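Structural overview for review
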Amino acid sequence: MELIRTWILTVTVSALIIAAAEALMPEGAVKKVGKLTGGLILVLGILQPLVSMDYQDLYDMVNTLPAGSIRQESLAEAAADPMKGIIEEELGAYIVDKGAELGLDCTAQVECAAGEEGVPTPQRVTVSGPFTQSQKERLIQWITEDLGIPREYQIYISEETP
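A few points on the structure. Computed from a prediction, not measured in an experiment: that's the story for all the values here.

It is worth spelling out the sheet that holds strand 1 (residues 107–114) at this point. Ordered in space as 1-2-3, the three strands form an open sheet in which the pairing is mixed. Only two strands of the sheet have a single partner each, and these edge strands are strand 1 and strand 3 (154–158). Neighbour to neighbour, the strand axes of the sheet diverge by 15 degrees on average, direction disregarded. One ladder, built from eight bridges, connects strand 1 with strand 2 (residues 120–129); its direction is antiparallel. Paired with Q109 across the strands is T126, a residue of strand 2.

Take a look at the structure:
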């Protein structure tokens, strides 16, 4: 707290001295140079705490924050959440489109989990709709090959044709 008070006092006194010096300067080139010099001195006074700061202490302080504080992992998870939702929606629509190519009128829900480097990858899919066993087998094969979701993580809910 003492450091902040000293810094504010230094900047304030510097600003007052610079303002007084500028008021006493004659008009013309001398005043322009004086204003430039005064501005540079004031900027240096404002930035002085950053220049003299011990960054190792700051690093140690950040790393000793409680577990509930923001950490790099939680930031990565927060960034991946919107991406996860988009990937799930897009893959669901992709499966529905592929089903339509096979003559199916189905819905698909994809669940993603963090894969390599935190990037969401498809882990499980639930497909529902009226389909025959052969259509189901072709869809299982396609999802396994193209999306890499193993057969045991593919759930199919057969619905009656309306």
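Back to the text.
Tallying each qualifying case throughout the model produces three salt bridges. K31 is paired through a salt bridge with E27; the nearest N and O atoms lie 3.4 Å apart. Judged by relative accessible area, E27 falls into the exposed class, the value being 67%. Between E137 and R151 there is a salt bridge whose closest N-O contact spans 2.9 Å. One end of the pair, E137, is in helix 5 (residues 133–147); the other, R151, is in the loop between helix 5 and strand 3, and 14 residues separate them in sequence. Using a relative accessible area of 28% as the deciding quantity, one classes E137 as partly exposed. Overall, the relative accessible area of 47% leaves R151 in the partly exposed class.

Time to look at the nonpolar core. Core analysis: the largest hydrophobic core is formed by 17 residues, its most contacted members being I95, V125, V127, L139, I143, L147 and Y156. Looking at this core, the elements that each hand over two or more residues are helix 4 (72–101), strand 1, strand 2 and helix 5. Looking at this core element by element, the count peaks at five residues for helix 5. With residues up to four places along the chain from it excluded, the contact list for V127 reads I95, C106, T107, A108, L139, I143, I155, Y156 and I157.

The subject of this paragraph is a nonpolar patch on the surface. Together, V43, I46, L47, L50, V51 and Y55 make up an exposed nonpolar region whose accessible area comes to about 570 Å². Here the element with the most residues in the nonpolar patch is helix 2 (residues 29–52); it accounts for five residues. Of note, L47 is situated in helix 2.

Each value, and the rule that gives it
Residues numbered from 1 in each chain as written. Predicted model: local features only at pLDDT ≥ 70, side-chain atom pairs only at ≥ 80, totals over all residues. Heavy atoms only, no water. Pairing = 2+ DSSP bridges. Helix = DSSP H or I, 4+ residues; strand = E, 2+ residues; numbered from the N terminus. Axes fitted to C-alpha atoms, helices over the stretch in contact; angles between N-to-C directions. Salt bridge = Lys/Arg side-chain N within 4 Å of Asp/Glu carboxyl O. Buried < 20%, exposed > 50% of the residue type's maximum accessible area, 1.4 Å probe, protein only. Core = buried A, V, L, I, M, F, W, Y, C linked by side-chain atoms within 4.5 Å. Contact = heavy atoms within 4.5 Å. Patch = residues over 30% accessible without salt bridge, like charges linked within 9 Å, V, L, I, M, F, W, Y side chains within 5 Å. Areas by Shrake-Rupley, 256 points an atom, 1.4 Å probe, with all protein chains shown as cover.

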